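Here is how the chains run, residue by residue.
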Amino acid sequence: MDRASSPSPASHRAGFACFVGRPNAGKSTLTNALVGTKVAITSNRPQTTRHTVRGIVHRPDAQLVLVDTPGLHKPRTLLGERLNDVVRTTWAEVDVIGFCLPADQKLGPGDKFIAKELAAIKKTPKIAIVTKTDLVDSKQLAEQLIAIQQLGEELGIQWAQIVPVSAVGDKQVSLLADLIAPMLPESPPLYPEGDLTDEPEQIMVAELIREAALEGVRDELPHSIAVVVEEMLPREDRPKDRPLLDIHANVYIERPSQKGIIIGPKGARLKEVGMKSRKHIEALLGTPVFLDLHVKVAKDWQRDPKQLRKLGF
């Protein structure tokens, strides 16, 4: 029987959507705004999301699972190539693709590069999401909406919707979820009610440490930092009402010269990284944490397949 001819308004929908866009287009911030909690790392440095972080939006009528892929870019290293493969595989498997384009930047070669790739994926519905609308006036926004419409026509992409949002100002974020929900297949929820992400806790903790380590390191490429959580163990001999979780983590960099930058004068920088990330980790896990951080050099890890595997890529 044709699905369209038998409407059942009470049916529940569930499925996967991913946000794509060039680095720093506001994908992670949007994921966090939709889920209502911090699940993807956000940093004003491009190229910070590496793992496919999934945020889960629970609604009475639908469950939307957000897959946050790394930004697609022209690869320069082995890591770059692997990231791009991850992106294309993800696009082919989701129910809806949201293409994030910042309102405050004219469409550039990076956007066209991604749009061409999107045009090749025929079946998946695509929503153009104009992000960061809080940074522009209505005239600039209107110009961007027209430019996006034209880009679709040039490449033969039929946008299912074009939606302006501001994740920071929380404008139209719930409208975006309203538009995506009907595009998902009919299905019972895919994840239990309380779940916000299916990332293992250790990976999320590593990402929070990495985000804190990136802040303030203006001159170094974010890609030079990888974090591995070696172990997370409840401290023994603690009273039930005063638990403590011991977390031991290594921050890996590529060159000895970067060590001083991360550690800072008299260890001040590393201490701050520890304090900042510990606050977020405790909020995430809901328990007091003792965080033990060490900085190690893994020479040129981005170009070495063995090291990439060891660091989880």
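Identification of the protein as GTPase Era from Streptomyces luteoverticillatus is taken from an unreviewed UniProt entry. In the Sequence similarities (unreviewed entry) part of its UniProt record, the protein is described as follows: "Belongs to the TRAFAC class TrmE-Era-EngA-EngB-Septin-like GTPase superfamily. Era GTPase family."

Colleague: How should I be thinking about the pairing of strand β4 (residues 96-102) in this particular structure?
Modeller: For a regular strand, side chains alternate in direction, first toward one face of the sheet and then toward the other. Within β4, seven of the seven residues are buried, which leaves the element mostly enclosed by the surrounding structure. Where strand β1 (residues 13-20) meets β4, four bridges bridge the pair, whose relative direction is parallel. For Cys-18, the partnering residue across the bridge sits in β4 and is Ile-97. Bridge analysis of β4 against strand β5 (residues 126-131) gives six bridges, and the strand direction is parallel. The residue bridging Pro-102 from the neighbouring strand is Thr-131, located in β5.

Colleague: Mind showing me how you'd approach unusual backbone geometry here?
Modeller: For residues besides glycine, phi is generally negative; the peptide bonds are generally trans as well. Backbone geometry places Lys-132, a non-glycine residue, at a positive phi of 60 degrees. Along the polypeptide, Lys-132 turns up in the loop between β5 and α4 (138-155). On the basis of relative accessible area, Lys-132 is assigned to the partly exposed category, the value being 23%.

Colleague: Would you explain the environment of Cys-18 in this entry?
Modeller: Among the structural elements, Cys-18 can be located in strand β1. Separated by 46 residues in the primary sequence, Cys-18 and Leu-64 place their C-alpha atoms 10.0 Å from one another. Setting aside anything within four residues of it in sequence, one finds Cys-18 in contact with Val-67, Thr-90, Trp-91, Val-94, Val-96, Ile-97 and Gly-98.

Colleague: Got a minute to help me understand helix α5 (residues 173-180) in this structure?
Modeller: Three or four residues apart is the spacing at which side chains of an α-helix point the same way, because the helix has 3.6 residues per turn. For α5, the full list of buried residues reads Val-173, Leu-176, Ala-177, Leu-179 and Ile-180. For α5, the arc enclosing every buried residue in end-on projection is 160 degrees, short of the 170-degree limit, so these residues lie on one face.

Colleague: How do you make sense of the packing of helix α7 (residues 256-263) against helix α8 (residues 268-285) when you look at a structure like this?
Modeller: Any two packed helices are characterised by the angle at which their axes cross and by the distance between the axes. In the contact formed by α7 and α8, the axes pass within 5 Å of each other and the chain directions differ by 60 degrees. Note on element contacts: α8 touches α7 through Ala-268, Arg-269 and Leu-270, opposite Ile-261, Ile-262 and Ile-263. Of the residues that constitute the contact of α7 with α8, the class distribution is five nonpolar, no polar and one charged.

Colleague: How should the sheet that holds strand β8 (residues 245-253) be read in this particular structure?
Modeller: Strand pairing in a sheet takes place through backbone hydrogen bonds and is either antiparallel or parallel in direction. In space, the three strands of this open sheet follow the order β7-β8-β9, with mixed pairing throughout. One side of each edge strand has no neighbouring strand; the edge strands of this open sheet are β7 (226-234) and β9 (289-297). Along the sheet, successive strands turn relative to each other by an average axial angle of 15 degrees, direction set aside. Alignment of β8 against β9, held across nine bridges, turns out to be parallel. Opposite Ile-253, over in β9, you have Val-297 as the bridge partner. Against the sheet, α7 contacts β8 and β9, and its axis sits at roughly 155 degrees relative to β9.

Colleague: Is there a simple way to think about the packing of helix α1 (residues 27-35) against α5 in this case?
Modeller: Where α1 contacts α5, the axes come no closer than 9 Å and their chain directions differ by 85 degrees. Relative to α5, α1 is oriented roughly perpendicular. Side by side, α1 and α5 meet where Leu-30, Ala-33 and Leu-34 of the first sit next to Val-173, Leu-176 and Ala-177 of the second. A per-class count over the contact of α1 with α5 returns six nonpolar, no polar and no charged.

Colleague: It is not clear to me how the environment of Pro-256 should be interpreted in this structure. Could you clarify?
Modeller: As for its placement among the helices and strands, Pro-256 is situated in helix α7. Distance from Pro-256 to Val-297, taken between C-alpha atoms, is 6.1 Å for residues 41 residues apart in sequence.

Colleague: What's the story with the nonpolar core in this structure? I'm lost.
Modeller: For soluble globular proteins, the rule of thumb is that nonpolar side chains tend to be buried together. Core analysis: the biggest nonpolar cluster contains 25 residues, and Val-205, Ile-209, Ile-225, Ile-247, Val-251, Ile-281 and Leu-293 have the highest contact counts within it. Secondary structure elements with two or more residues in this core: α6 (201-214), β7, β8, α8 and β9. No other element matches the seven residues that α6 contributes to this core.

Colleague: Sorry if this is basic, but what is going on with helix α3 (residues 109-119) here?
Modeller: Every buried residue of α3 is accounted for by Asp-111, Ile-114, Ala-115, Leu-118 and Ala-119. Seen end-on, α3 carries its buried residues on one side only, within an arc spanning 140 degrees. Seen from the buried face of α3, the exposed residues on the opposite side, beyond 90 degrees, are Pro-109 and Lys-116. At its buried positions, α3 is contacted by β1, α2 (78-93), β4, β5 and α4.

So, how was this worked out
- Every chain's residues receive numbers from 1 upward, in the order its sequence appears when written.
- Per-residue local features of the predicted model are confined to residues with pLDDT of at least 70, and side-chain atom pairs are confined, for both listing and counting, to 80 or more; whole-chain, interface and lining totals are unaffected and use all residues.
- Excluding hydrogens and water, the side-chain figures rest on all heavy atoms present in the structure.
- UniProt positions are given in the numbering used here, feature names are shortened, and annotations may be inferred rather than shown by experiment.
- Each residue is assigned to one of three classes by its accessible area relative to the maximum for its type, calculated with a 1.4 Å probe on protein chains only: buried under 20%, partly exposed between the two thresholds, exposed over 50%.
- Helix and strand assignments come from DSSP, with helices taken as H or I runs of at least 4 residues and strands as E runs of at least 2, each series counted from the N terminus.
- Strand pairing is defined by DSSP finding a minimum of two bridges between the two strands.
- It only takes one pair of heavy atoms within 4.5 Å for two residues to be counted as in contact.
- Along the arc lie the directions from the helix axis toward the C-beta atoms.
- All axes are obtained by fitting lines to C-alpha atoms, using only the stretch in contact for helices, and the reported angles, taken between N-to-C directions, cover 0 to 180 degrees.
- For this scheme, ten residues count as nonpolar: Ala, Val, Leu, Ile, Met, Phe, Trp, Tyr, Cys and Pro. Four count as charged, namely Asp, Glu, Lys and Arg, and the remainder, Gly too, count as polar.
- By definition in this entry, angles of less than 35 degrees are roughly parallel, angles greater than 145 are roughly antiparallel, angles of 65 to 115 are roughly perpendicular, and the rest are oblique.
- Think of a nonpolar core as a cluster: buried Ala, Val, Leu, Ile, Met, Phe, Trp, Tyr and Cys residues, connected wherever their side-chain atoms sit within 4.5 Å.

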